[in-house]
Amino acid sequence: MVVKQKKIILIGKTGSGKTTLIQKLEARELVYRKTQAIEFYLHFIDTPGEYLENRKFYSALIVTSADADLVGLVEDCTSEEGWLPPAFASTFAKETIGIVTKTDLARGPEQIQAARERLIQAGAARIFELSAVLGEGVDPLARYLGL
Ligand SMILES: Nc1nc2c(ncn2[C@@H]2O[C@H](COP(=O)(O)OP(=O)(O)O)[C@@H](O)[C@H]2O)c(=O)[nH]1
Ligand SMILES: [Mg+2]
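Predicted model only: the values in this text are computed from it and were never measured.

Scanning the protein from N- to C-terminus turns up five helices and six strands. Overall, the protein shows an N-to-C arrangement of helices and strands of β-α-β-β-α-α-β-β-α-β-α. By the compact-globule yardstick of 15 Å for 147 residues, the protein fits well, its C-alpha radius of gyration being 14 Å. The C-alpha extent of the protein, read off along each of the three principal axes, is 35 × 35 × 30 Å. Out of the 147 residues in the protein, the part that is buried amounts to 35%. Contacts spanning at least 24 positions in sequence make up 73% of the contacts within the protein whose residues lie at least 6 apart.

With six of six residues buried, strand 5 (residues 96-101) is to be regarded as a mostly interior element. Burial along strand 5 is two-sided: the residues Thr-96, Gly-98 and Val-100 and Ile-97, Ile-99 and Thr-101 are all buried. Strand direction decides the pairing type here: strand 5 and strand 6 (residues 127-129), joined by three bridges, are parallel. The partner of Ile-99 across the bridge, within strand 6, is Phe-128. Taken together, strand 5, helix 4 (residues 109-121) and strand 6 form a β-α-β motif whose crossover is right-handed.

Residues spaced three or four apart along an α-helix point in a common direction, a consequence of the helix completing one turn every 3.6 residues. Most of helix 1 (residues 18-25) is tucked away: six of the eight residues are buried. What helix 1 keeps buried is the set Lys-18, Thr-19, Leu-21, Ile-22, Lys-24 and Leu-25. Check the buried side of helix 1 and you find it contacts strand 1 (8-12), strand 3 (44-46), strand 4 (70-76), strand 5 and helix 5 (138-144).

The next point concerns the nonpolar core. Among the nonpolar cores identified, the biggest contains 32 residues, and Ile-9, Leu-10, Ile-11, Leu-73, Ile-99 and Ala-122 are the most heavily contacted of them. Broken down by secondary-structure element, the contributors of at least two residues to this core are strand 1, helix 1, strand 3, helix 2 (50-53), strand 4, strand 5 and helix 4. If one sorts the elements of this core by residue count, strand 1 sits on top with four residues.

Our focus in this paragraph is the sheet that holds strand 4. The sheet built from six strands is open, its strands ordered 2-3-1-4-5-6 with mixed pairing. Of all the strands in the sheet, the pair left with one neighbour each is strand 2 (39-40) and strand 6. The sheet contact formed by strand 1 and strand 4 spans five bridges and is parallel. When the bridges of strand 4 are listed, Gly-12 appears paired with Val-74. Contacts between helix 1 and the sheet are confined to strand 1, strand 3, strand 4 and strand 5, with strand 3 contributing the most and set at about 155° to the helix. In the packing of helix 4 onto the sheet, the strands contacted are strand 4, strand 5 and strand 6, and the crossing angle to strand 5 comes to about 160°.

This paragraph deals with the site of ligand 1. Neighbouring ligand 1 are 18 residues; Gly-17, Lys-18, Thr-19, Thr-20 and Val-133 lie closest to it. The biggest single contributor to the shell around ligand 1 is helix 1, with three residues. Classifying every residue of the shell around ligand 1 gives four nonpolar, eleven polar and three charged.

Conventions we followed
Residues numbered from 1 in each chain as written. Chains lettered and ligands numbered in written order. Predicted model: local features only at pLDDT ≥ 70, side-chain atom pairs only at ≥ 80, totals over all residues. Helix = DSSP H or I, 4+ residues; strand = E, 2+ residues; numbered from the N terminus. Rg over C-alpha atoms; globule rule 2.2 N^0.38 Å. Buried ≥ 20, exposed ≤ 12 C-beta atoms within 10 Å, placed from the backbone. Contact = placed C-beta atoms within 7 Å. Pairing = 2+ DSSP bridges. Right-handed = clockwise from strand over helix to strand, strands pointing away. Core = buried A, V, L, I, M, F, W, Y, C linked by C-beta atoms within 7 Å. Axes fitted to C-alpha atoms, helices over the stretch in contact; angles between N-to-C directions. Near = placed C-beta within 6 Å. Nonpolar A, V, L, I, M, F, W, Y, C, P; charged D, E, K, R; others polar.

This is the structure in structure tokens:
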């Protein structure tokens, strides 16, 4: 069976773990680097967190998402405050998944569950939970993307 590789645009707050996840799945060294602008990889599009924090950048996210097969909303499970507008996924008219990051730092399952619920509220159809640092939970996402 030939699985088509999908390109995903990752959208989430600054520090939520987008770049770390990309580096993990693109098999690069984990080197900390702050994303200053939209960056294109083979299978990923990385976006700066500031694009979410300021509505004036939404149109840039929408235009850029046209180059992706799906949208990945990235939610740090250790962050208490929600950033996702309700039904944010409907902005994109594109398959949207949710990615809960930093599960290794979760105080307990309820923190992960709360992050899942925020992603579901935003319209994510399917949720992945992972730690890019430990590599736990990364494989199911990689398989889903056909990597
Ligand atoms: N413990 C832990 N730290 C993580 C994980 N993912 C990212 N980080 C850390 O969180 C910080 C922000 O990550 P980064 O990928 O730059 O976030 P971005 O702004 O969304 O691209 C960095 O210090 C990462 O090392 C994870 O799964 N577990
Ligand atoms: Mg980044």
